[in-house]
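Inside the fold
Single-letter residue listing:
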Amino acid sequence: MSWATSYIKELEQNGITTFRPRGFSMMPYIQSGQEVTVKSFPTYEKGDIVLCTVMGRQYLHFVKAVGNGTYQIGNARGFINCWTSKVYGKVV
């Protein structure tokens, strides 16, 4: 079980979850340990901060681009992870 598995399950069941992610890849937008609320939506846009799975790893990162039902994911430091369709919700 990865760090966000229980939050993803809660999103799938309730459509919303709150947690405190750890790490520095999203600073200054999200501080390590800052409480965030993530809500499910039917689609996501460039610039949204989303909870997602990319190549088997879970992230709370930006949508950098959108194309054909998939989303390019990257952090606040300029790193691009990859494209994915596994986006569960966005920070509200």
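For the structure, see preceding data.
Now for a quick tour of the structure. As the structure is a prediction and not an experimental result, all values here were calculated from the model.

Reading guide: rules and limits
- Residues numbered from 1 in each chain as written.
- Predicted model: local features only at pLDDT ≥ 70, side-chain atom pairs only at ≥ 80, totals over all residues.
- Heavy atoms only, no water.
- Pairing = 2+ DSSP bridges.
- Helix = DSSP H or I, 4+ residues; strand = E, 2+ residues; numbered from the N terminus.
- Axes fitted to C-alpha atoms, helices over the stretch in contact; angles between N-to-C directions.
- Contact = heavy atoms within 4.5 Å.
- Phe/Tyr/Trp six-rings, centres within 6.5 Å; stacked < 30°, edge-to-face > 60°.
- Buried < 20%, exposed > 50% of the residue type's maximum accessible area, 1.4 Å probe, protein only.
- Lys NZ or Arg CZ within 6 Å of the ring centre and 35° of its normal.

Overall, antiparallel pairing links the 7 strands, which are arranged 1-2-7-3-4-5-6 in an open sheet. Where the open sheet ends on each side, the last strands, each with one partner, are strand 1 (16-19) and strand 6 (80-84). Averaged over all adjacent pairs, the angle separating strand axes in this sheet is 40°, with direction ignored. Where strand 2 (residues 36-39) lies against strand 7 (residues 87-91), 2 bridges are found, and the strand directions are antiparallel. Within strand 7, the residue paired with lysine 39 across the bridge is lysine 90. Strands strand 1, strand 2, strand 3 (49-54), strand 4 (57-67) and strand 7 of the sheet are contacted by helix 1 (residues 5-14), whose axis makes an angle of about 150° with strand 1.

Another point: the packing of aromatic side chains. The final tally for this structure, using the stated rule, is 5 aromatic pairs. Aromatic side chains tyrosine 44 and tyrosine 71 sit 5.8 Å apart centroid to centroid with 75° between the ring planes, which places their arrangement in the edge-to-face category. Of the two residues, tyrosine 44 is situated in the loop between strand 2 and strand 3 and tyrosine 71 in strand 5 (residues 70-74); the sequence distance between them amounts to 27 residues. Across the pair, exposure class does not vary: tyrosine 44 and tyrosine 71 are buried alike. Over the ring of phenylalanine 41 we find lysine 90; its NZ or CZ atom is 4.6 Å from the centre of that ring.

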